[in-house]
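Each chain is listed here by its residues.
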Amino acid sequence: MRINVHAGHNADGKLACGTIGFIRESTEARRVKDAVVGQLRKLGHTVYDCTVDDAPGERSNLDQIVAKCNAHDVDLDVSIHFNSGARDSVGDGKTTGTETYVYNSSSKARSYAEKVCQSIATLGFRNRGVKYSTGFRVLRTTKSPAMLVECCFVDDKDDVQLYDCQAMAEAIVYGITGQRVVMEAEPDADKELVAPGEETADGDMRQLYRVQVGAYAVKGNADATLAKLKAAGFDAIIVKA
Ligand SMILES: [Zn+2]
């Protein structure tokens, strides 16, 4: 696929940066954007980074983003944001969750937006679904099908605890492409089955049996699986192989 990706707003510390809660929207949107761009390229897709870091204001930030987007013929424009307004600073045990926007119900980006929501929801975020808005300039004035992703809420403690930028990026990439970056297989996985120094008296090595649910090259993906297991009531740990 050919895809435009940008992080919303100017960079933090500039005028017209994004919302701030436990985490900063502009900073996290750029981290997720960088990971999405990297993963898409690894999968062989053509990606243009249309992020604008230092426009003189909100309006010109959007103008410059749209100009960058419209300089390329792509299958999809992806705008990455974080939401606010949950006001859950204590943590009520529930995420406020994820949502995506497209221009209207006949947008060609709609099916991508639905899949991205579903994919992010598998990380444990509540699926707020696809919403329609003719108000966003990046949806209204880009020439290719466009979607805006509100990854999760910066001001909900539960969202922020669950959030991991690599896992979020992987979910977005999977929602768009149906593909994941293939993690390298563990060639020496067997070696880990025997702990060092655990030889028994008669010289036999003690056998350990591990229950494994995944092996990840990216620590954030391991953290995300760990969080899911713990949420499901399993006492799990991460070991380095
Ligand atoms: Zn935003």
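Remember, predicted model here, so these are calculated numbers, not experimental data. (Residues numbered from 1 in each chain as written. Predicted model: local features only at pLDDT ≥ 70, side-chain atom pairs only at ≥ 80, totals over all residues.)

Draft legend 1. Structural context of the overall build of the chain. The secondary structure content of the chain amounts to 7 helices and 6 strands. Taken from the N to the C terminus, the helices and strands of the chain come in the order β-α-β-α-β-β-α-β-α-β-α-α-α. Within the chain, buried positions represent 40% of all 241 residues. A separation threshold of at least 6 residues defines the contact pool for the chain, and within that pool the share at least 24 residues apart is 74%. (Helix = DSSP H or I, 4+ residues; strand = E, 2+ residues; numbered from the N terminus. Buried ≥ 20, exposed ≤ 12 C-beta atoms within 10 Å, placed from the backbone. Contact = placed C-beta atoms within 7 Å.)

Draft legend 2. How the structure looks around the confidence of the model for the chain. When the pLDDT values of the chain are averaged, the result is 89; 88% of them are 70 or greater. pLDDT under 50 marks residues 188-200. Its contacts with residues more than four places away, or in other chains, come to 11 contacts. (pLDDT = per-residue confidence, 0-100.)

Draft legend 3. Broad picture of unusual backbone geometry. Unlike most non-glycine residues, His 9 shows phi in positive territory, near 70 degrees. Secondary-structure assignment places His 9 in the loop between strand E1 (2-7) and helix H1 (25-42). Accessibility expressed as a C-beta count within 10 Å gives 26 for His 9, which makes it buried.

Draft legend 4. View of the nonpolar core. Val 32, Val 36, Met 147, Met 168 and Ile 172 are the most contacted members of the largest nonpolar core, which totals 56 residues. Among the elements that line this core, the one with the most residues is helix H6 (residues 165-177), at 8 residues. Apart from the residues lying within four places of it in its own chain, the contact partners of Ile 172 are Val 36, Val 116 and Val 149. (Core = buried A, V, L, I, M, F, W, Y, C linked by C-beta atoms within 7 Å.)

Draft legend 5. Focus on the sheet that holds E1. Sheet architecture is open: 6 strands sit in the order E2-E1-E3-E6-E4-E5, paired in mixed fashion. Here the strands that pair on one side only, and so sit at the sheet edges, are strand E2 (46-49) and strand E5 (127-132). Looking at each pair of strands side by side, their axes are set apart by 20 degrees on average, direction ignored. Seen against the sheet, helix H3 (residues 110-121) touches strand E3 (76-83), strand E4 (98-102), E5 and strand E6 (146-153) and runs at an angle of roughly 175 degrees to E4. (Pairing = 2+ DSSP bridges. Axes fitted to C-alpha atoms, helices over the stretch in contact; angles between N-to-C directions.)

Draft legend 6. Geometry of the pairing of E3. E3 sits mainly inside the fold: 8 of its 8 residues count as buried. The two faces of E3 match: Leu 76, Val 78, Ile 80 and Phe 82 on one face and Asp 77, Ser 79, His 81 and Asn 83 on the other face are all buried. Pairing of E1 with E3 involves 5 bridges; the strand directions are parallel. Residue pairing across strands places Asn 4 opposite Asp 77, the latter belonging to E3. The pairing of E3 with E6 spans 6 bridges and is classified as parallel. Residue pairing across strands places His 81 opposite Glu 150, the latter belonging to E6.

Draft legend 7. Quick peek at the pairing of E2. Summarising the sheet, E1 and E2 pair through 4 bridges and their orientation is parallel. When the sheet's bridge partners are listed, Asn 4 is paired in E2 with Tyr 48. Handedness of the crossover is the feature at issue here: the chain leaves E1, passes through H1, returns alongside E2, and the resulting connection is right-handed. (Right-handed = clockwise from strand over helix to strand, strands pointing away.)

Draft legend 8. Molecular detail of the environment of Val 149. Take Val 149: it is sitting in strand E6. Residue Val 149 is classed as buried on the basis of its 30 C-beta neighbours within 10 Å. For the pair formed by Val 149 and His 81, sequence separation is 68 residues and the distance between their alpha carbons is 5.8 Å. Sequence-distant contacts of Val 149, that is, excluding residues within four places in its chain, are made with Val 78, Ser 79, Ile 80, His 81, Thr 100, Val 116 and Ile 172.

Draft legend 9. Seen up close, the packing of H1 against H6. Put simply, H1 and H6 touch, their axes get as near as 8 Å, and they point 50 degrees apart. In terms of orientation, H1 lies oblique with respect to H6. Crossing angle aside, the handedness with which H1 passes H6 is right-handed. The residues of H6 that touch H1, namely those facing Glu 28, Arg 31, Val 32, Ala 35, Val 36, Gln 39 and Leu 40, are Cys 165, Gln 166, Met 168, Ala 169, Glu 170, Ile 172 and Val 173. Across the contact of H1 with H6, the residue classes tally to 9 nonpolar, 2 polar and 3 charged. (Parallel < 35°, antiparallel > 145°, perpendicular 65-115°, else oblique. Left-handed = near helix turned anticlockwise from the far one by under 90°. Nonpolar A, V, L, I, M, F, W, Y, C, P; charged D, E, K, R; others polar.)

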